[in-house]
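What follows is each chain in one-letter form.
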Amino acid sequence: MRLAIGFLTVFPIAPKGVGQMGPARAYFPLVGLGLGALLLGLDLVAKQALPPLIVAALLVATLLVLTRAIHTEGFLDSCDGLFGGYSRTERLRILRDTHVGAFAVIGGAVLLLLKWTLIVGIPDEGRTGLLLTFPCLSRFGMVATMAFFPYAREHGLGTSFQDGRSWWQVVFAFITATAAGGLFLGVTGMLLLGAVIVVSLGLGRWITSMLGGMTGDTYGAVNEVAEVAVLLLAIALFTAIPGALQAPFW
């Protein structure tokens, strides 16, 4: 748990000298739920004094700070590598390049714009549940791709998550995401989790066809795309079916 928090967030509580990161992935959705709770707390306070557009911008910025933008950075690098290269070797080389290219700039702008507008568009009836759960569900997407797709490199940050891995970690992460989705969003939470699985595995398969496997950067890209997918589908469901985001407990 400490490894998961230390890796996924800005809080420096990870124990030192631990080489195997595989067991930490079991707690990714739980860490995401904690991030969602922090976002919800800020939302409840900020909206008392600020208009919705500014509150949404603060939530996007806060999530970047709390995660050290680690997933967003992976998304930017993935945009450059996947769209800027014409062979597996070239794509992997670009992914390790520290420079930011045009694809990363465009992709990052679109990503942040989508997150901002989607958070603005969350209906009040489902705001509590969705802010709590969207970071939780998206982080299960990373766990799914770690479980079902190989790692593309012999060495790299993501290789540590292949050490000490076991299926119990995937099961525990799935139970956590399922419980959070069901508790806070009811049946809609199950639909959103299903969408995360489909989107993450589909994206993972496409990335693997381009790179021969996943990398640390592409894990981050999966999380970012999954966050947007959860928010987008949730708002679409509420628009089509009023009350869809209301959990059975409130």
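What comes next is a walk through the structure. All values reported here derive from a predicted model rather than from experimental measurement.

## Focus: a nonpolar patch on the surface
Here's step 1: A cluster of nonpolar side chains, contributed by L50, L53, I54, L58, L113 and W116, occupies part of the molecular surface with about 500 Å² of accessible area.
Here's step 2: When contributions to the nonpolar patch are tallied by element, the ones reaching two or more residues are α3 (52-66) and α6 (102-120).
Here's step 3: Residue contributions to the nonpolar patch peak at three residues, all from α3.
Here's step 4: Within the secondary structure, I54 is located in helix α3.
Here's step 5: Overall, the relative accessible area of 41% leaves I54 in the partly exposed class.

## What to know about the side chain of R25
Here's step 1: Note on placement: R25 falls in the loop between α1 (2-8) and α2 (28-46).
Here's step 2: Polar contacts involving the side chain of R25 include one to the main-chain carbonyl oxygen of S166, which spans 3.4 Å.
Here's step 3: Not counting residues up to four positions away in its chain, the partners in contact with R25 are V143, M146, A147, R165, S166, Q169, V170 and A173.

## Concerning the packing of helix α4 (residues 70-84) against α6
Here's step 1: Packing of α4 against α6 brings their axes to within 8 Å, and their N-to-C directions diverge by 135°. By the angle between their axes, α4 is oblique relative to α6. Handedness of the α4/α6 crossing: right-handed. Facing α4, whose interface residues are T72, F75, L76, C79, D80, F83 and G84, α6 presents A102, F103, A104, G107, G108 and L111.
Here's step 2: Per-class residue counts for the contact of α4 with α6 are eight nonpolar, four polar and one charged.

## Some details on the environment of L42
Here's step 1: With respect to the helices, strands and loops of the structure, L42 is situated in helix α2.
Here's step 2: A relative accessible area of 28% places L42 in the partly exposed class.
Here's step 3: As a C-alpha pair, L42 and L59 span 17 residues in sequence and 7.5 Å in three-dimensional space.
Here's step 4: Beyond its immediate sequence surroundings of up to four residues, L42 is in contact with L58, L59 and T62.

## Digging into empty space enclosed by the protein
Here's step 1: For the structure on display, the rule yields two cavities of 30 Å³ or more.
Here's step 2: Estimated volume of the largest cavity: approximately 50 Å³.
Here's step 3: L59, V60, L63, L64, K115, I119 and F134 together form the lining of the largest cavity.
Here's step 4: Where the lining of the largest cavity is concerned, the elements lending two or more residues are α3 and α6.
Here's step 5: Here the lining of the largest cavity gets four residues from one element, more than from any other, and that element is α3.
Here's step 6: Across the lining of the largest cavity, the residue classes tally to six nonpolar, no polar and one charged.
Here's step 7: What the second largest cavity holds in volume is close to 40 Å³.
Here's step 8: For the lining of the second largest cavity, the elements supplying multiple residues, two or more each, are α3, α4 and α10 (216-240).
Here's step 9: Grouping the amino acids of the lining of the second largest cavity by side-chain chemistry returns two nonpolar, three polar and four charged.

Calculation criteria
- Residues numbered from 1 in each chain as written.
- Predicted model: local features only at pLDDT ≥ 70, side-chain atom pairs only at ≥ 80, totals over all residues.
- Heavy atoms only, no water.
- Patch = residues over 30% accessible without salt bridge, like charges linked within 9 Å, V, L, I, M, F, W, Y side chains within 5 Å.
- Areas by Shrake-Rupley, 256 points an atom, 1.4 Å probe, with all protein chains shown as cover.
- Salt bridge = Lys/Arg side-chain N within 4 Å of Asp/Glu carboxyl O.
- Helix = DSSP H or I, 4+ residues; strand = E, 2+ residues; numbered from the N terminus.
- Buried < 20%, exposed > 50% of the residue type's maximum accessible area, 1.4 Å probe, protein only.
- Polar contact = N/O pair within 3.5 Å; in protein donor to acceptor, adjacent residues only side chain to side chain.
- Contact = heavy atoms within 4.5 Å.
- Axes fitted to C-alpha atoms, helices over the stretch in contact; angles between N-to-C directions.
- Parallel < 35°, antiparallel > 145°, perpendicular 65-115°, else oblique.
- Left-handed = near helix turned anticlockwise from the far one by under 90°.
- Nonpolar A, V, L, I, M, F, W, Y, C, P; charged D, E, K, R; others polar.
- 1 Å grid on protein atoms, 1.4 Å probe; cavity = no way out; pocket = protein on both sides within 12 Å on 5 of 7 lines; lining within 4 Å.
- Points joined across faces, edges and corners; volume = space filled by probe spheres on them.

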